[in-house]
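# Structural features, examined
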Amino acid sequence: MSAMGRWLRKLGVLLSREKFSGELNEEMAFHVEQVAKEFEGIGMTPEAARYAAMRRFGNATQLRERSHEVVEFRAETVAQDIRYAVRQLRKNPGFTVTAILMLALGIGASAAIFGFVDAAMLEPLPYAQPNGLVDVAEKATVFPRSNLSRADFEDWQRMNKTLRSLDAYTGTGYLLRLGPESEPVMAGRVSDGFFHTLGVQPVLGRDFRPGEDKPGAAKVVMLAYGTWMMRFGGRRDAIGETVGLSGDPYTIVGVLPQNFVFQPRANAELWTPLGDKNGCESRRSCHDLYAVGRLRDGATVEMAQADLQQIAAELAIQYPGSNKDQGASVQPMSELIVGQVRPILLTLLAGAGLLLVIACVNVASLLLVRSESRRREIAVRGALGATPVRLVRQFVTEGLLLAAAGCGAGLLTAACLIGLLKALMPKLMLDEAPFVRNVGVNAHTALFAGGVTMLAALMLALTPVLRLALKDVHGALSEGGRGAASRFWRRMGANLVVVELTIAMVLLAGAGLLTKSLYRLLHVDVGFDAAHVATVQVMAPETFYPKSENWVHLYPAIRNRLLGLPGVQAVGITSDLPVQCNCDTDWIRIAGKPFHGEHNEVMERDANPEYLATVLKARLVEGRIFTDTDDLKHPRVTIINETMAKTYFPGEDPLGKMIGNGNLDATSMRQVVGVIADIRENALDDQAWPTEYFSIYHEPDNYFALAVRTAGDEKALLPDLVKAVRAINPNLGVNEEITLVEQIENSPTAVIHRFVTWLVGGFAATALLLGVVGLYGVVAYSVSQRTREIGVRMALGAQRSAVHRLILKEAGWLTGIGIAAGLGCSVGVGLLMKSLLFGVRSWDVPTLAGVAGVLGLFALLASFIPARRAARVNPVEALRAE
Amino acid sequence: MANKPELMPGTLDMLILQTLKRAPLHGYGIAQSIKRISDDVLTVEEGSLYPALQRLLLQGWVKAEWKTTDTNRRARFYTLTTAGRKQLGVEVSKFEQMVTAIGRVLRDVEEAR
């Protein structure tokens, strides 16, 4: 008969299974009956004849099964296995629920983190053909990636041969006038082809036209989608309207798509063309732009790098005063955006992976315990004719089923976790990593979860199979389920729990190091007193305050007004608040020292006298602080920080020294009048930088920050502060009101460190719980297996305390080995995540010791309960039970 | 059972087909017939006939139908089909080839001795 015929017959049997079984049974019964008659014929009693006939016939159950197997589809036995597995799992709801929960946790956590990694690594840029985008910047000796000057940018744009287009961007702020009050808004200034280079098209209106970024061009603006919706009610006729930006009329020409985000300027509400050159942009030596380029077909990042480097070298020869030592920096755009978060994501992925391993090991040891207690069942099934293959298949099926259920639950968990993480993720981090918005359970995540599940299933299936293969079925049946085999379990289970404890130790150590590093970060010596200081940013529109003289008058007006507020002790005015960035730098030259055109880059901060003295309470090392007479009518003076004194005046007294710009222009010359201890101006985890402070009356700006020291609650002062400034002139833009303490705690470095610490801490806590539960399981099981042994010991006179010690010693060994192995691995792991640690070495002894102590304590607790139970064994009962 | 030769693997199907060549039989009859004709030399674990019969049915080499026996009992009788007859020819010739070959090897060994 053809394969088709066979298949049809199988199908026929499948559809009338009852009939098939009935007929087979009848036929076989008839056979046995006939044989029995034969035996009766030679004089046996009917009963003896029946037994003899059954013996001659063979194992009826097994034969029936074999007959079934002949006509069954392969899938049918699989279905049978699954049915049986489901029944097994349903009979032990405690085991099943625990196992599925653990797997769901492990798979869910790793799939969720993988979702983020996937989004970051695979689709970091929400633009068309993102692989062709490159980040272009200049390279200075101290800054591997520094801003471009406008003149350099224009030359690079014109002269390069490897880029299809090159466009510049920079951040700026405008006072947006809508209604009675002006509000400062963040904006991006870009060259005309910027959006075209990114491959972004406006959803409404038009893109900037070529030439619209030239000085003197008509003023136009494009709106971010959110701005259009929030501030213009999503009206389509907003296009063509005129809006006042810092007093100038701008025509709205377009609206960007809803999903558009440009990470380096994520907070921009408006986009304007570069247009008129500001003071900085008219000089080739002043750098305030970055650029993004799109590679020509066939061009690589390396080719672009070489191309632009060549141009930079030509410009350095042409303009040595401004361009000496200025190179080019080209990297894939994705590197700019993902480079920062990659180590964080990889750390988290590793953490989640370790958690998954713990979960799997826990489930595997649960399965082992179960296979121990199922030895008799297995032996019986074996004796009834189940082939070893069939038995193994049963376990594999159970493992697969558990893993599949765990995978389903895990995907749900992952979806929840991703939602939770996105909600918890600070706004700032979302801006840093725009790809996060796209994270969700998708094909990639599901595929990952599936792969992880297969691995878990393999492990779950193999553990009991290995266990089975190592012992003979008949032994188990006769032995009655105790003795030698449990020694195997003790060894295997114990090894597994050591793995768990080791991993728990590693995760705890990681969390410990991160926590300590966060603590160190938040307690870094910032060099100022942040308590009781409220801050706001103020922007004075040039239409009302067109000249620097106006600004100079504005400062005392604000100061006097705020001093009238209750509790206010001092009003500081500064160009930049502390703990910001390595920004606003200046190139200096010290009079009387050899100079070869090198770029001595220092940070520049402008402040009024009170800011340094009474608001930040900076420590004066020598000389003096500014006074109110350090103004335009008096010669320029500067105060430098200790790092600058050490860097540029080693072994000499900087007081009285003269500093100027590269050409030592007379107007740039200033005298050092004071040295203060370092104030943390840049990120918390950065190195202190040479910094010079100017009197704000010498370097006035229409955009500045207020820092107000109060005797009372600084948070409560914030609204009054805003009101008081607006009361001076409603056209003053006031925003970003925040206390200085919050400012430090919410600084990007702190936020990111805190986020990672919390997550890894969560992993570690879960790992600790799972590991300790695993240990408890192993010890408790071992006690239950050794009840008889303990009974004998006690009957022979062992003290309860000795039994206690016996069990605790076993647990102690396991814990000890786990902790020791974990310590070794922790140091390695600490080295791997060095880039995330601040002020802590990866082998920080107090952290490791503390963590080991915590794990040891929990392990002791977990083994204490079974040990107590062991010590309470009643020897009489224990022995009688056998 | 231990002192009787075990049935060579794979020959059970052939023996069943051969037995059915004479007349349709039920399972017990097949077992009896094999035993009788082989002078009790060939004994099978009688139950193992049934998985084998299912195999033959599936291949379409035998047909089964329920009939009543002489003693008025219902029993399943197996009949050889045309395909079964052909298959028997194939198996017998394969078996004979093998036996001849084995015999030759055994003789060769004796002569060499």
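These numbers were taken from a predicted model, which means no experiment stands behind them.

Calculation criteria
Residues numbered from 1 in each chain as written. Chains lettered and ligands numbered in written order. Predicted model: local features only at pLDDT ≥ 70, side-chain atom pairs only at ≥ 80, totals over all residues. Helix = DSSP H or I, 4+ residues; strand = E, 2+ residues; numbered from the N terminus. Buried ≥ 20, exposed ≤ 12 C-beta atoms within 10 Å, placed from the backbone. Contact = placed C-beta atoms within 7 Å. Rg over C-alpha atoms; globule rule 2.2 N^0.38 Å. Nonpolar A, V, L, I, M, F, W, Y, C, P; charged D, E, K, R; others polar. Expected span 1.5 Å × (residues − 1). Arc of directions from axis to C-beta. Core = buried A, V, L, I, M, F, W, Y, C linked by C-beta atoms within 7 Å. Pairing = 2+ DSSP bridges. Axes fitted to C-alpha atoms, helices over the stretch in contact; angles between N-to-C directions. pLDDT = per-residue confidence, 0-100. Parallel < 35°, antiparallel > 145°, perpendicular 65-115°, else oblique. Domains from an automatic or database assignment. Left-handed = near helix turned anticlockwise from the far one by under 90°.

## A short note on the overall build of chain B
Regarding its fold elements, chain B presents four helices and three strands. Taken from N to C terminus, the helices and strands of chain B fall in the order α-β-α-α-β-β-α. Counting all 113 residues of chain B, 23% fall into the buried class. Of the contacts made within chain B by residues no fewer than 6 positions apart, 52% connect residues no fewer than 24 positions apart.

## Here's the deal with the overall build of chain A
Helix and strand counts for chain A come out as 29 helices and 22 strands. Against the compact-globule benchmark of 29 Å for 882 residues, chain A has a radius of gyration of 38 Å, which places it well outside the compact range. The principal-axis extent of the C-alpha atoms belonging to chain A is close to 140 × 75 × 55 Å. Of all 882 residues assigned to chain A, the portion counted as buried reaches 42%.

## Brief notes about the interface of chain B and chain A
At the interface, 17 residues of chain B touch 20 residues of chain A. Sorting the residues of the side of chain B that touches chain A by element identifies α2 (27–37), α3 (49–59) and β3 (74–80) of chain B as the ones contributing at least two each. For the side of chain B that touches chain A, the leading source of residues is α3(B), giving six residues. Its residues assigned to classes, the side of chain B that touches chain A shows six nonpolar, six polar and five charged.

## A closer look at helix α20 (residues 548–563) of chain A
Residue and element names in this part refer to chain A. The end-to-end C-alpha separation of α20 is 23 Å, in line with the 22 Å expected for 16 residues at 1.5 Å each. The complete set of buried residues in α20 reads Leu-554, Ile-558 and Leu-562. What you see down the axis of α20 is that its buried residues fit within an arc of 50°, all on one side. In α20, the exposed positions angled more than 90 degrees off the buried face are occupied by Glu-549, His-553, Ala-557 and Asn-560. Close packing links the buried residues of α20 with β13 (568–574), β21 (703–710) and α23 (714–728).

## Structural notes on the nonpolar core
Nonpolar side chains in soluble globular proteins tend to end up buried together. One finds Leu103(A), Val363(A), Ala767(A), Leu775(A) and Leu855(A) to be the most contacted residues of the largest nonpolar core, which totals 224 residues. The residues contacting Leu103(A), other than those within four sequence positions of it, are Ala359(A), Val363(A), Leu402(A), Ala403(A), Gly406(A), Gly410(A) and Ala456(A).

## Looking at unusual backbone geometry
Residue and element names in this part refer to chain A. The backbone of Asp-325 sits at a positive phi, close to 65°, despite the residue not being glycine. What makes Asp-325 partly exposed here is the crowd of 13 C-beta atoms within 10 Å. In this structure, Glu-736 is a non-glycine residue whose phi angle is positive, near 55°.

## With respect to the pairing of β21(A)
Residues and elements named next belong to chain A. A large share of β21 lies buried, amounting to six of its eight residues. Where β13 meets β21, six bridges bridge the pair, whose relative direction is antiparallel. Note that in β21 the partner of Gly-572 across the bridge is Ala-707.

## Focus: the sheet that holds β3(B)
All names here are of chain B. Across the sheet, three strands lie side by side as β1-β3-β2; this open sheet has antiparallel pairing. Each of the sheet's edge strands pairs with one partner strand only, and the pair in question is β1 (25–26) and β2 (62–68). The sheet contact formed by β2 and β3 spans seven bridges and is antiparallel. What sits directly across from Trp-66, in β3, is Arg-76. Relative to the sheet, helix α1 (residues 12–22) contacts β1, β2 and β3, its axis offset from that of β3 by approximately 95°.

## Observations concerning the confidence of the model for chain A
Low pLDDT means the predicted coordinates in that region are not meant to be read closely. On average, residues of chain A carry a pLDDT of 85, and 95% of them reach 70 or more. Residue range residues 478–485 of chain A is modelled with pLDDT below 50. Its contacts to residues more than four positions away, or to other chains, number five contacts.

## Points about the packing of α2(B) against α3(B)
Residue and element names in this part refer to chain B. The contact between α2 and α3 brings their axes to 11 Å, and the two run at 110°. As summarised for this structure, α2 and α3 are arranged roughly perpendicular, according to the angle between their axes. Residues Gly-27, Ile-30 and Ala-31 of α2 pack against Leu-49, Tyr-50 and Leu-53 of α3. Split into classes, the residues belonging to the contact of α2 with α3 amount to five nonpolar, one polar and no charged.

## Description of the domain arrangement of chain A
Its domain assignment divides chain A into domain 1 (3–72), domain 2 (141–325), domain 3 (343–523 + 749–880) and domain 4 (541–731). Its C-alpha centre places domain 1 of chain A at a distance of 101 Å from the equivalent point of domain 4 of chain A.

## Focus on the environment of Pro388(A)
Residue and element names in this part refer to chain A. With respect to the helices and strands, the residue Pro-388 is situated in helix α15 (residues 388–424). Since 12 C-beta atoms lie within 10 Å of it, Pro-388 is described here as exposed. Once the C-alpha coordinates of Pro-388 and Gly-247 are considered, the two residues, 141 residues apart in sequence, prove to be 87 Å apart.

## Focus: the environment of Gly440(A)
All names here are of chain A. As for its position among the elements, Gly-440 is in the loop between α16 (427–432) and α17 (443–469). Residue Gly-440 is classed as partly exposed on the basis of its C-beta count, with 13 C-beta atoms lying within 10 Å. Measuring from C-alpha to C-alpha, the distance between Gly-440 and Glu-652 comes to 60 Å, with 212 residues separating the pair along the chain. Not counting the four nearest positions on each side in its chain, Gly-440 is found in contact with Gly-115 and Ile-418.

## What to know about the pairing of strand β1 (residues 133–139) of chain A
Residues and elements named next belong to chain A. Counted residue by residue, β1 has six buried out of seven residues, so it is predominantly covered. As paired strands, β1 and strand β10 (residues 287–295) are joined by four bridges and run antiparallel to one another. Bridge pairing in β10 links Asp-135 to Val-292.

## Brief notes about α2(B)
Every buried residue of α2(B) is listed here: Gly27(B), Tyr28(B), Ile30(B), Ala31(B) and Ile34(B). Down the axis of α2(B), the sector holding all buried residues measures 165°, keeping them to one side. The secondary structure elements touched by the buried residues of α2(B) are α2 (17–41) of chain A together with α1, β1 and α3 of chain B. Where α2(B) terminates, the next one or two residues include Asp39(B), which has phi positive at roughly 55°.

## Some remarks on the packing of helix α27 (residues 800–832) of chain A against helix α28 (residues 845–871) of chain A
All names here are of chain A. At a closest axis distance of 9 Å, the pairing of α27 and α28 adopts a crossing angle of 155°. With respect to their mutual orientation, α27 and α28 come out roughly antiparallel. Once α27 is placed against α28, the crossing between them reads as right-handed. Contacts from Arg-800, Val-803, His-804, Ile-807, Leu-808, Ala-811, Thr-815, Ile-819, Leu-823 and Ser-826 in α27 reach Leu-848, Ala-852, Leu-855, Gly-856, Ala-859, Ser-863, Pro-866, Ala-867, Ala-870 and Ala-871 in α28. Of the residues belonging to the contact of α27 with α28, the class tally is 14 nonpolar, five polar and one charged.

## Some words on the environment of Gln305(A)
Residues and elements named next belong to chain A. Mapped onto the elements of the fold, Gln-305 is located in helix α10 (residues 301–318). Taking the C-alpha atoms as reference points, Gln-305 and Val-330, separated by 25 residues in sequence, lie 5.2 Å from one another. In this structure Gln-305 touches Ala-328 and Val-330, once residues within four positions along its chain are discounted.

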